[in-house]
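Breakdown of the fold
Residue-level listing of the chains:
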Amino acid sequence: MGIKRSGWIIAGIALGLLIWISGPAGAEEVPAPAVPPAEGQGSGFAGVKSAEYPEGGTAAPTGKIIEKNPDVGEPSIEVEILGRKPISKDKTEDSTQVSGQKLRDSPRPSTLEALSQEAADVYVSGRGAMHGVSSGASGGIHIRGFGGSPNSQVLMVEDGVPDYQGIFGHPIPDAYVPFLIDEVLVIKGGDSVLYGTNAMGGAILIRNRWREREGYEFLDDSAFGSYSTLRESLSMLGRSGPWDTAAAFTALSTQGHRKGMDGDETIGEAAVQYRRPDYLLAIRDKLVHLDGADPGPATHPTPDHRFDVWRNNASINITKDTESVHLTAIPYINFGVHRLYDGFYSRDYVGGGKAEADWKIRRSVEALIGLATEQVEGKVKNRISDEKSPVKGSNNTSLYHQLSLWPVGPITLVLGAREFWSSKYGFAFLYKAGGRWEITDGLFLRARVARNFRQPTIRELYLPFPTANPALKPEFSRNWDFGGGWESGRLEISCMGYVSEADNLIKYFGVWPSAEVVNIDHITIPGVEASVGLKRLGPVSLFITGDWQDIGRYTRQNPDGKLDFTLEAGKDFSEHFLGGSLSGEWVHGLYMADYSRQPINDVFTMDLAFRYRYDLRERGLTLEPYLFLRNFLDRKYAYIKDYPMPGFNILIGLKMEI
Amino acid sequence: MLRRKLIWMFILIVIVGCDLAYPEVAVVNKTNKYILLKNVSFKGCIWNTVLAYGEATSPQQCLPGEDKVHFQKFDAEEYCQEQVKDGTINGLCQCEGSEGITAPVIDAGLINVNPTWFNYQTISIKHVGYGDFKVYEITLDDIEQDFSTPGPYGH
């Protein structure tokens with residue numbers, strides 16, 4: 001009898017808890033931004049993070065969406081929704097959206113590692129404060145089994161501009177600092193239809209900030225920590241009439257936790273935007289300088305393997321809006337100079353442009369059509385021996401189109417194709433198709449398939465580091481994913497299954513001087529990714545994301561499983577705010593070589609972050625001291641064999657916002 | 001006032017102190033008088049010096065944890081014997097009382113006059129922790145060839 005009664009009591013408590021959790025978050029909930037039907041999706045925490053951590057008026061309107069009452073006979077009501085267009089152009093893709101504020105608050109040492117904390121199917125290796133370049137570098141991004149080293153199967157796109165080096169074909173992982181970032185969208189399963197080559201396993205879209213109200217704001221973030229680490233970031237956003245300005249300067253200097261991990265990173269970025277009601281012109285330039293070393297394995301250190309890298313990204317963004325058409329044109333150039341300890345010297349550039357028209361044909365039909373062209377060139381020589389490596393650039397042009405349909409209210413369909421022509425490889429046809437069904441308010445199902453593409457890099461074709469193969473063919477992938485989720489005021493849950501298939505994947509085997517780089521046959525990687533979030537349970541929020549995949553035989557730096565969690569708590573006391581977070585990462589099934597050879601111990605690390613914010617409203621000043629206790633359990637772990645990560649270390653900083 | 005200073009000093013030590021507490025390690029060549037060691041490395045430390053028999057490295061702060069001591073070994077006695085056998089050193093021959101006997105004719109392409117430094121490591125694994133000071137002696141009964149040395153190319 002007693003058991004029966006206690007069972008009822010437990011069931012009642014559980015039911016009450018479930019109703020409370022699934023109910024609306026109440027008055028403290030920040031309303032989600034208004035979006036057209038079926039916009040703003042993405043798995044898990046898409047959009048929610050932005051709402052949870054509002055940017056405080058930093059997002060500037062870049063367009064407008066005009067909705068007309070479709071009912072004939074009724075007076076036409078024109079509703080003008082001012083705000084930025086959603087960063088996602090495909091409403092059916094599986095994605096994780098992370099706000100810039102979340103990245104700025106993260107205790108993880110780099111932006112890419114902070115992104116990895118938010119999605120378990122994104123794995124980013126680390127080696128300490130900086131990722132570095134060339135051998136021994138970390139920062140390889142894996143999404144659902146693709147990517148890594150060479151890190152050219154995941155495409156970074158910053159303000160619509162693909163960001164990768166001409167010779168090595170991958171981005172510089174240290175070049176992304178969060179101080180101007182508005183939001184980041186991680187597209188899982190790739191999208192070469194919209195973004196072209198390299199978006200094989202995924203694409204990471206970065207959108208930078210603009211101020212949306214008249215005036216100026218300054219943010220200064222100074223931090224000092226273990227290993228003589230000094231970080232200084234200064235950013236400015238301004239709006240004066242039709243002119244918007246944005247600038248940021250970041251400098252990081254560290255001695256590193258071991259010899260050879262010392263380095264300096266300097267990033268300067270400036271942007272100006274001229275804004276009229278129906279058109280917009282923005283110019284942006286980012287200059288990156290990295291000076292560091294490959295420390296080598298701890299067993300055989302190489303602290304004198306220095307590198308010196310300069311890169312510059314410049315782009316112009318022109319947009320024009322009519323009532324139903326949004327036109328965009330973006331010319332860009334990305335060039336860089338790399339110098340390595342052994343005399344290696346390279347100059348490379350990626351230059352191109354794209355023009356895109358986004359046309360809202362009817363309320364339920366939206367078409368996107370674009371034309372993109374790109375030229376990749378590079379020069380390589382050894383400054384010591386004056387030996388030049390013969391390399392050949394390439395160019396490509398493609399036409400792409402996408403159709404978004406809302407045939408029935410809760411259903412979204414997206415179809416897309418890209419006709420890609422390469423001067424070296426000829427024609428390639430890429431496609432995608434996806435659907436999303438909003439079953440009830442918050443409950444959804446979705447599925448998508450995408451055929452993606454990557455052409456070999458100049459390094460893989462021509463440079464003997466450690467080997468080259470001019471006969472390499474491009475890689476193709478076909479990524480399927482399917483699943484569903486439920487989003488409510490306090491609870492968010494999602495589960496996605498995926499199958500990543502690839503043909504002609506480019507892989508390195510062996511070591512110098514007997515190494516080879518070849519195309520391998522068909523591979524299939526099935527996996528499942530799930531996330532659960534409990535938001536605003538009093539002052540506390542909890543987010544857990546996990547991923548498991550059957551990686552097959554090519555196991556090098558491609559983990560079987562990953563789990564990330566973040567427990568946050570924060571409370572406002574009038575002008576004071578006190579908050580903190582406990583975050584952790586567990587990585588399972590890491591190997592340093594293919595065929596499950598050279599296993600690495602599971603990674604498990606936890607970080608603590610504390611912050612206090614004091615809002616001096618009368619002076620328009622916000623002070624925010626913070627403290628990061630990284631790896632506070634002093635775990636000995638490594639993502640790369642014999643590149644041990646730092647033990648317990650501290651970073652103390654102060655943010656000042658005017 | 002003093003209390004406040006002490007608190008600030010404590011905070012400063014905590015911040016910068018993680019690497020100050022790293023273990024200190026020195027390595028001594030105790031093989032034999034004909035063997036030279038160079039590029040000795042252990043747990044993130046590397047000594048770019050050559051150690052004759054009995055010589056020690058300077059102490060360096062290495063990462064806490066465990067590792068073998070890795071180094072490159074040159075056996076001068078073995079090298080001399082090889083060179084004598086190949087007849088590359090005038091006035092030296094293989095044994096006493098053999099003056100006047102000419103060295104065997106060897107294809108010049110097979111003769112290597114460059115000294116070769118082979119990669120070696122200790123058989124035993126050494127453990128170091130925060131605050132330790134350890135002196136490791138390299139002895140002939142505790143060394144083996146090291147095939148874990150990474151190749152020269154990467155980029």
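What about the overall build of chain B?
- Helix and strand content of chain B: 2 helices and 10 strands.
- Its helices and strands in sequence order give chain B the pattern α-β-β-β-β-β-β-α-β-β-β-β, from N to C terminus.
- Sorting the 155 residues of chain B into buried and exposed places 34% on the buried side.
- A sequence separation of at least 24 residues applies to 69% of the contacts in chain B between residues at least 6 apart.
- Carbon and sulfur atoms form 57% of the exposed surface of chain B, whose accessible area is close to 9500 Å².

What about the pairing of strand β9 (residues 181–188) of chain A?
Residue and element names in this part refer to chain A.
- Counted residue by residue, β9 has 8 buried out of 8 residues, so it is predominantly covered.
- As paired strands, strand β3 (residues 94–99) and β9 are joined by 6 bridges and run antiparallel to one another. Bridge pairing links V98 to V184 in β9.
- In terms of strand pairing, β9 meets strand β10 (residues 202–208) through 7 bridges, oriented antiparallel. Each residue of the ladder has a partner; that of E183, found in β10, is R207.

Quick notes on the environment of D285 of chain A
Residues and elements named next belong to chain A.
- Among the structural elements, D285 can be located in strand β15 (residues 279–294).
- Distance from D285 to V272, taken between C-alpha atoms, is 9.4 Å for residues 13 residues apart in sequence.
- In contact with D285, other than residues within four places in its own chain, are G268, E269, A270, N312, N313 and A314.
- Polar side-chain contacts of D285 include one of 2.8 Å to the side chain of N312.

A closer look at the nonpolar core
- Counting 47 residues, the largest nonpolar core has Y195, L205 and L290 of chain A as the members making the most contacts within it.
- For this core, the leading source of residues is strand β19 (residues 365–382) of chain A, giving 4 residues.

What about the state of the cysteines?
Residue and element names in this part refer to chain B.
- Applying the stated rule across the entire model yields 1 disulfide over all chains.
- Across the disulfide from C45 sits C62; the S-S distance is 2.2 Å. Because the sign of the S-S torsion sets the handedness, a value of about -120° for the bond joining C45 and C62 places this disulfide among the left-handed ones. Taken as a pair, C45 in strand β3 (residues 45–51) and C62 in the loop between β4 (60–61) and β5 (65–67) lie far apart in primary sequence, 17 residues in all. In this structure, C45 and C62 share a single accessibility class: buried.

Structural notes on the interface of chain B and chain A
- Each side of the interface is counted separately: chain B has 30 residues, and chain A has 33 residues.
- Counting the contacts that link chain B with chain A gives 0 salt bridges.
- For the pair chain B and chain A, the number of links is 8 residue pairs in polar contact (both at pLDDT 80 or more).
- Sorting the residues of the side of chain B that touches chain A by element identifies α1 (2–20), β2 (35–42), β3, β4 and β5 of chain B as the ones contributing at least two each.
- The dominant element in the side of chain B that touches chain A, judged by the number of residues it contributes, is α1 of chain B, at 7 residues.

Analysis parameters
- Residues numbered from 1 in each chain as written.
- Chains lettered and ligands numbered in written order.
- Predicted model: local features only at pLDDT ≥ 70, side-chain atom pairs only at ≥ 80, totals over all residues.
- Heavy atoms only, no water.
- Helix = DSSP H or I, 4+ residues; strand = E, 2+ residues; numbered from the N terminus.
- Buried < 20%, exposed > 50% of the residue type's maximum accessible area, 1.4 Å probe, protein only.
- Contact = heavy atoms within 4.5 Å.
- Areas by Shrake-Rupley, 256 points an atom, 1.4 Å probe, with all protein chains shown as cover.
- Pairing = 2+ DSSP bridges.
- Polar contact = N/O pair within 3.5 Å; in protein donor to acceptor, adjacent residues only side chain to side chain.
- Core = buried A, V, L, I, M, F, W, Y, C linked by side-chain atoms within 4.5 Å.
- Disulfide = S-S within 2.5 Å.
- Salt bridge = Lys/Arg side-chain N within 4 Å of Asp/Glu carboxyl O.

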